[in-house]
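So you can see what is in the structure, the chains are spelled out below.
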Amino acid sequence: MPVINLWAKDGYLSTPDGNSIYFWGFAKSESDPAQLPGPYIIAKQGETVTVNLYNTLSEPVSITFPGQPGVTAGGQPVRPQYSDGKLLSFVNHAEPGGMMSYNFTPTNPGTFIYESATNPHKQVPMGLYGGLVIRPADFKPEIKEYKTAYGAGTNTEFDREYLLITGEIDPYLHRAVENGKPYLVSKYLPRYWTLNGRCAPDTMLMDRVDYLPHQPYGSMVMGLPGEKILMRYVGAGIENHPLHPHGAHTRVVAVDGRLLRNGSIDLSYKRFTVLVGAGRTCDQIYQWHGLGYTPQNPIPTTLPNLRNMGVGDAGWTMWSGSPYLGVKGDIPVGVVSYNEFGEYYFMLHSHEELQITNWGEFPGGMMTMVAIYPSLSPDVGLL
Ligand SMILES: [Cu+2]
């Protein structure tokens, strides 16, 4: 039975334009830093989960688990909390300095969110949210037919998986909270848009880089040609985000943790852009095949001329010097190629274009890359 401890704390986020932003987040322990998003919770269908919330913030905090039936707090069914006749929390909360213990037994596999249910218009955008993945009861990652998002026989097998959580930040409102002033949601105007708590280009950095102690999760999607890459989108902000990866459509297999299937009829569908709504989740399978790609016939492209190779004045390029996946070719003298393995990159981003800036500066914000490698360790892309 998994027992997860979450500590509600404050800290400072880092943005690629050099800003430092006060936020609230969940930490793994008393000594770990608050993080955005909170620690991923991975549990199994039918197995009871205990989440212990320790509140170090100056106001009450609670956690709700949308999509999970029968959640209890302190052993009783959760219920709204009032103070002087006013609603304080949608579920039982931990007082400042206090704790609250929640229990639930997931009945459905899928991708979900967990988030604050106390002043959620303020506490969720401040960062009190995280992703929750429920494995199907028959999940067995070492057997292909049983490494699925929704159970054997549901056409949701995957080779690798990534959790991509969207969010936005209004730095003025975060500063107001830092200074003990009211959070006026009517003035909400985000300037930063995040994937797994980071703005591009930080989204493409590895997990747990030292210089982003409060933002441990990267969102670089990596895979091999033809692999089934499961992308679990979670909309944690209060805005909607039209996301798409380039290179291939995705097949949407579930929405809000519910499989798109009616009995024996598979209702999954292919889309280029998927709207990740506030509070919603969406599971999709991405497969990159290329235009006629096979290992024997790598890619039938012609070499672009030098001007179109993305060779910059700074002496760097994302061009490997060859049109073939995994093959390196000649590049101009003095130019550094970042395609170390001859891999391909496809952008994955919000199509609401202000959202791919950092305070108006492009590129940034809600953007990352899908990298298709010629070979890759099977350990990459596991939650
Ligand atoms: Cu695009």
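Residues numbered from 1 in each chain as written. Predicted model: local features only at pLDDT ≥ 70, side-chain atom pairs only at ≥ 80, totals over all residues. Heavy atoms only, no water.

Enquirer: Explain the overall build of the chain to me, and be specific about the residues and the numbers.
Expert: A count of helical and extended segments in the chain gives two helices and 27 strands. The globule rule puts the C-alpha radius of gyration for 383 residues at 21 Å, and the 22 Å found for the chain is close to it. Principal-axis analysis of the C-alpha atoms places the extent of the chain at approximately 70 × 50 × 35 Å. The buried share among the 383 residues of the chain stands at 51%. Of the contacts made within the chain by residues no fewer than 6 positions apart, 67% connect residues no fewer than 24 positions apart. A total of about 17100 Å² of accessible surface is found on the chain, and carbon and sulfur atoms cover 54% of it. For the chain, the separation between the mean place of its 27 positive charges and that of its 34 negative charges on side chains is 5 Å. (Helix = DSSP H or I, 4+ residues; strand = E, 2+ residues; numbered from the N terminus. Rg over C-alpha atoms; globule rule 2.2 N^0.38 Å. Buried < 20%, exposed > 50% of the residue type's maximum accessible area, 1.4 Å probe, protein only. Contact = heavy atoms within 4.5 Å. Areas by Shrake-Rupley, 256 points an atom, 1.4 Å probe, with all protein chains shown as cover. Lys, Arg positive; Asp, Glu negative; His and termini not counted. Charge placed at Lys NZ, Arg CZ, Asp CG, Glu CD.)

Enquirer: Before we move on, could you go through the domain arrangement of the chain and cite the residues and values that matter?
Expert: Partitioning the chain into structural domains gives domain 1 (3-286) and domain 2 (298-342). A C-alpha centroid distance of 37 Å is found between domain 1 and domain 2. (Domains from an automatic or database assignment.)

Enquirer: Can you tell me about helix α2 (residues 171-178), naming the residues and giving the values?
Expert: Inspection of α2 places P171, L173, H174, A176 and V177 among the buried residues, and these make up the whole buried set. The inward-facing, buried residues of α2 contact β2 (20-27), α1 (120-123), β12 (160-169) and β13 (192-195). Capping the start of α2 is the job of one residue whose side-chain oxygen sits 2.9 Å from the backbone nitrogen of Y172: D170. (Polar contact = N/O pair within 3.5 Å; in protein donor to acceptor, adjacent residues only side chain to side chain.)

Enquirer: Talk me through the packing of aromatic side chains; I want residue IDs and the actual numbers.
Expert: Per the stated rule, a full pass over the model turns up twelve aromatic pairs. Judged by centre distance (3.8 Å) and plane angle (15°), the ring pair of Y40 and Y217 falls under stacked. With Y40 in the loop between β2 and β3 (41-44) and Y217 in the loop between β13 and β14 (221-223), the pair connects residues that are 177 residues apart, well separated along the chain. The burial state of Y40 is the same as that of Y217; both residues are buried. If you follow K140 out to its NZ or CZ, it ends over the ring of Y146, 4.8 Å from the centre. (Phe/Tyr/Trp six-rings, centres within 6.5 Å; stacked < 30°, edge-to-face > 60°. Lys NZ or Arg CZ within 6 Å of the ring centre and 35° of its normal.)

Enquirer: Lay out the nonpolar core with the relevant residues and their values.
Expert: One finds V51, I63, F65 and Y102 to be the most contacted residues of the largest nonpolar core, which totals 33 residues. Mapped by element, the contributors of at least two residues to this core are β1 (3-14), β2, β3, β4 (49-55), β9 (99-104), β10 (110-115), β11 (129-135) and α2. Every residue in contact with F65, bar those within four places of it in the chain, is listed here: V51, V71, Y102, F104, I113, Y114 and L132. Listed in part, the 24 residues of the second largest apolar core include Y233, V274, F346 and M366. (Core = buried A, V, L, I, M, F, W, Y, C linked by side-chain atoms within 4.5 Å.)

Enquirer: Describe the pattern of salt bridges, with residues and values.
Expert: Here the structure, examined in full by the defined rule, presents seven salt bridges. Residue R135 is joined to E161 by a salt bridge in which the shortest nitrogen-to-oxygen separation is 2.6 Å. In this pair, R135 sits in strand β11 while E161 sits in strand β12, placing the two residues 26 residues apart along the sequence. Note that R280 is salt-bridged to D256, the shortest N-O span being 2.7 Å. Of this pair, R280 sits in the loop between β22 (274-276) and β23 (281-286) while D256 sits in the loop between β17 (250-255) and β18 (258-259), and the two are 24 residues apart along the sequence. Connected through shared salt-bridge partners, R135, E161 and R232 make up one network. (Salt bridge = Lys/Arg side-chain N within 4 Å of Asp/Glu carboxyl O.)

Enquirer: Before we move on, could you go through the sheet that holds β10 and cite the residues and values that matter?
Expert: Pairing is mixed in the open sheet, where three strands are placed in the order β3-β11-β10. Sheet topology places β3 and β10 at the edges, where each strand pairs with a single neighbour. Neighbour-to-neighbour, the strand axes of the sheet open up by a mean angle of 30°, direction not taken into account. By the bridge criterion, six bridges tie β10 to β11 in an arrangement that is antiparallel. By the bridge assignment, F112 is partnered in β11 with L132. (Pairing = 2+ DSSP bridges. Axes fitted to C-alpha atoms, helices over the stretch in contact; angles between N-to-C directions.)

Enquirer: Which residues make up the side chain of T250, and what values do they have?
Expert: When you line up the elements, T250 lands in strand β17. Among the residues examined, T250 registers a relative accessible area of 0% and is labelled buried. A polar atom in the side chain of T250 sits 2.7 Å from the side chain of Q284. Excluding residues within four positions of it along the chain, T250 makes contact with M231, P245, Y269, K270, R271, V274, Q284, I285 and Y286.

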